[in-house]
Amino acid sequence: MTGPIRVLLYVSTSQPDTDFTAKLVDVFPDGRAINLTDGILRLRYRRIAREASAGPAGQVYAITSTPG
């Protein structure tokens, strides 16, 4: 795999704020697992990282995270 990694999730929650994580792991046939990259996104910062924006519970949101 080469190039930038991006995660696109469609999420919904019953809480006012939720954290979502993603991890890309290379698992070898012998069972070894090597973490290649991971990322986290807090739902209230889904639009702009410095501006909190709460949304109504139960609504579906498309969120994008660029692990690194």
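Everything numeric here is computed off the predicted structure, so don't read it as measured data. (Residues numbered from 1 in each chain as written. Predicted model: local features only at pLDDT ≥ 70, side-chain atom pairs only at ≥ 80, totals over all residues. Heavy atoms only, no water.)

Caption draft 1: Quick look at the nonpolar core. Of all hydrophobic cores here, the largest spans six residues; its members are V11, F20, L41, L43, Y61 and I63. If we skip the residues at most four places from it in the chain, L41 touches T18, D19, F20, I63, T64 and S65. (Core = buried A, V, L, I, M, F, W, Y, C linked by side-chain atoms within 4.5 Å. Buried < 20%, exposed > 50% of the residue type's maximum accessible area, 1.4 Å probe, protein only. Contact = heavy atoms within 4.5 Å.)

Caption draft 2: Summary view of a nonpolar patch on the surface. A surface patch of nonpolar side chains, amounting to about 340 Å² of accessible area, comprises L8, Y10 and V60. Relative to the elements of secondary structure, V60 occurs in the loop between β3 (33-42) and β4 (61-65). (Patch = residues over 30% accessible without salt bridge, like charges linked within 9 Å, V, L, I, M, F, W, Y side chains within 5 Å. Areas by Shrake-Rupley, 256 points an atom, 1.4 Å probe, with all protein chains shown as cover. Salt bridge = Lys/Arg side-chain N within 4 Å of Asp/Glu carboxyl O. Helix = DSSP H or I, 4+ residues; strand = E, 2+ residues; numbered from the N terminus.)

Caption draft 3: Examining the pattern of salt bridges more closely. If you walk through the whole model with that rule in mind, you get three salt bridges. Between R42 and D19 there is a salt bridge, with its nearest N and O atoms 2.6 Å apart. With R42 in strand β3 and D19 in strand β2 (residues 19-27), this pair connects stretches of sequence that are 23 residues apart. Judged by relative accessible area, which is 35%, R42 ranks as partly exposed. Exposure remark for D19: the relative accessible area of 37% places this residue in the partly exposed category. The network of salt bridges with shared partners includes D17, D19 and R42.

Purely geometric numbers; function is a separate question.
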